[in-house]
Amino acid sequence: MTRGVAGSRPLRVLESINPPDGTTQYVDQIVELAPPWVRFSFLGAKNLASLRYDVLHVHWPESLLRGRFHVLRCLAFVALLEVLRLRRIAVVRTLHNLQPHEDGSRLEAAVLRWLDRRTTFTVTINPVTPIPAGRGVYIPHGHYRERFTALPQQAPVAGRLLYAGTIRPYKGVDVLLDAFRALDDPALTLRLVGQPSREMRPLVDRMQSDDGRISATLAFVPDALLVAEITAAQLVCLPYRQLHNSGVLLAALSLDRPVLVPRTPTTEAMAQEVGPGWIHFFGGVLQAQDLRRVMAKVQTESRPERPRLDGRDWRVVGQAYADAFAQAAALVGRAPVARLAPDGRGGER
């Protein structure tokens, strides 16, 4: 891979997402421990239009296309991709999911297909995701052990199940609520923490009122609260209708809490990686018996002291991303070899 030498300029990467803001986000593991020969800038019309970058790194592209002026957003994005091609600026895409979680317009779908054709290099964050055209690399999602070390942790509460994360229809929280309410066990409780979508809030409010075993914090969850809630649980439940990648899954494992997830190629690969007793499965639609079965296992069966998360250190992830950016730049004939910035850091954080 390309490495820095004296007298050359840094590799400039524009991230299509907002910069780190002190809360745990995927962007953190890309930029915080990247080598010093990579300089980052972040999403904004001015930065996009400047073309003063070697690589555009795209995450969740549908988020760039939705909202007000949808048609104009789509047309502008296609135009940008063509300008990048003419200017030999590489496009790197991290595939966080195979398809958008929520359906968009036919125009959006066409633009995403165009992006697929214009992508120079693809990063997958689990080993089962296919790499289009063979031009890409697998870079594992980093763990959060060091990130969470300084935050207070709680002792697990007997019988507590937890769902954490944004509460949206595709995540199956309604199914989790139905399955839990079908359990006639006063020793079990369910906590929901996260920002709900508009259509999900009334459902969660109603379920809390109907069943005193259910409680919720329906708001954005800062890191300190996330750590407290996860560590207070005996089992973290992710009832997603589809699960390809999940930051909450990594957060729970980083805090040594077992997780219940749908059985998919991704989750099966993760279970093999982390070792026995940490990842438990349900098939099809989550049922009450799944919750009962897995909670019994968690409470009675032994497991290793910690899940195995080797190779998910952020320094390793940051270096791997830097190498991917350099390789993508080389593929379009734009291969600057970076040098250390004068201040000894990797540039614009």
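Further up the page is the structure itself.
Bringing the environment of D174 into the picture now. Relative to the helices and strands, D174 is located in helix 7 (residues 173–181). In this structure D174 comes out as partly exposed when scored by relative accessible area, which is 23%. With residues near it in sequence (within four places) discarded, D174 still touches M200, L203 and R241. A distance of 3.0 Å separates polar atoms of two side chains, one belonging to D174 and the other to R241.

Another aspect to go through is the side chain of S197. Take S197: it is sitting in the loop between strand 8 (189–193) and helix 8 (201–210). In this structure S197 comes out as buried when scored by relative accessible area, which is 8%.

Another point: unusual backbone geometry. Excluding glycine, residues mostly carry a negative phi; peptide bonds, for their part, are mostly trans. Even without a glycine there, the phi angle at W60 is positive, about 40°. You can see W60 is positioned in the loop between strand 3 (55–58) and helix 3 (62–65). Taking relative accessible area as the criterion, W60 reaches 32% and is therefore assigned partly exposed. Phi at D256 takes a positive value of approximately 60°, unusual for a residue other than glycine. Looking at the secondary structure, you find D256 in the loop between helix 10 (247–254) and strand 11 (259–262). For D256, a relative accessible area of 18% translates into the label buried.

Attention now moves to the packing of aromatic side chains. The description of two aromatic rings rests on the distance between their centres and on the angle between their planes. Evaluated as defined, the whole model comprises five aromatic pairs. Taking the centre distance of 5.7 Å and the plane angle of 35° together, the rings of Y321 and F325 count as tilted. Within this pair, Y321 and its partner F325 are both found in helix 13 (residues 314–331), separated by four residues, close to a single helical turn. Taken as a pair, Y321 and F325 share a single burial class, namely buried. What links up through ring pairs into an aromatic cluster is the set Y26, F40, Y321 and F325.

The next thing to look at is helix 13. The first and last C-alpha atoms of helix 13 sit 26 Å apart over 18 residues, in line with the 26 Å expected at 1.5 Å per residue. Among the residues of helix 13, those classed as buried are W314, V317, G318, Y321, A322, D323, A324, F325, A326, A328 and A329. The positive-phi residue at the C-terminal boundary of helix 13 is G333, with phi of around 75°.

Inspection of the sheet shows strand 10 (residues 235–237) paired to strand 11 by two bridges, in the parallel sense. Looking across to strand 11, one finds that V236 is bridged to V259. Pairing of strand 11 with strand 12 (residues 279–282) involves four bridges; the strand directions are parallel. Residue pairing for strand 12: L260 is matched across the bridge by H280.

Below, the discussion takes up the nonpolar core. Across soluble globular proteins, you tend to see nonpolar side chains buried next to one another. Core analysis: the biggest nonpolar cluster contains 61 residues, and L161, L177, L192, L238, L253, I279 and L291 have the highest contact counts within it. Ignoring anything within four residues of it in the chain, the contact list for L192 reads Y163, I167, V173, L176, L177, V204, S215, A216 and T217. If you look at the next biggest cluster of nonpolar residues, it comprises 27 residues, including V31, W37, F42 and I125.

Turning next to a nonpolar patch on the surface. On the surface, F69, V71, L72, L75 and L107 cluster together to form a nonpolar patch covering roughly 500 Å² of accessible area. A total of three residues in the nonpolar patch trace back to one element, the largest contributor, which is helix 4 (residues 70–86). Among the structural elements, V71 can be located in helix 4. Under the relative-accessibility criterion, V71 is labelled partly exposed at 48%.

What follows concerns the pattern of salt bridges. Applying the stated criterion across every chain yields a total of 17 salt bridges. Two residues, E32 and R147, come together in a salt bridge whose shortest N-O distance is 3.1 Å. With E32 in the loop between helix 1 (26–31) and strand 2 (38–41) and R147 in helix 6 (residues 145–148), this residue pair connects regions lying 115 residues apart in the sequence. Judged by relative accessible area, which is 37%, E32 ranks as partly exposed. Assessed through its relative accessible area of 24%, R147 is described here as partly exposed. Between E108 and R66 there is a salt bridge, with the nearest N and O atoms lying 2.7 Å from each other. Linking E108 in helix 5 (residues 106–118) with R66 in the loop between helix 3 and helix 4, this pair joins segments that are 42 residues apart in sequence. The partly exposed category is assigned to R66, whose relative accessible area is 26%.

We now examine the packing of helix 4 against helix 5. As a packed pair, helix 4 and helix 5 sit with axes 10 Å apart at the nearest point and diverge in direction by 10°. On the basis of the axis angle, helix 4 is roughly parallel to helix 5. Contact residues: helix 4 offers H70, V71, C74, F77, V78, L81, E82 and R85, while helix 5 offers L107, E108, V111, W114, L115 and R118.

Conventions adopted
Residues numbered from 1 in each chain as written. Predicted model: local features only at pLDDT ≥ 70, side-chain atom pairs only at ≥ 80, totals over all residues. Heavy atoms only, no water. Helix = DSSP H or I, 4+ residues; strand = E, 2+ residues; numbered from the N terminus. Buried < 20%, exposed > 50% of the residue type's maximum accessible area, 1.4 Å probe, protein only. Contact = heavy atoms within 4.5 Å. Polar contact = N/O pair within 3.5 Å; in protein donor to acceptor, adjacent residues only side chain to side chain. Phe/Tyr/Trp six-rings, centres within 6.5 Å; stacked < 30°, edge-to-face > 60°. Expected span 1.5 Å × (residues − 1). Pairing = 2+ DSSP bridges. Core = buried A, V, L, I, M, F, W, Y, C linked by side-chain atoms within 4.5 Å. Patch = residues over 30% accessible without salt bridge, like charges linked within 9 Å, V, L, I, M, F, W, Y side chains within 5 Å. Areas by Shrake-Rupley, 256 points an atom, 1.4 Å probe, with all protein chains shown as cover. Salt bridge = Lys/Arg side-chain N within 4 Å of Asp/Glu carboxyl O. Axes fitted to C-alpha atoms, helices over the stretch in contact; angles between N-to-C directions. Parallel < 35°, antiparallel > 145°, perpendicular 65-115°, else oblique.

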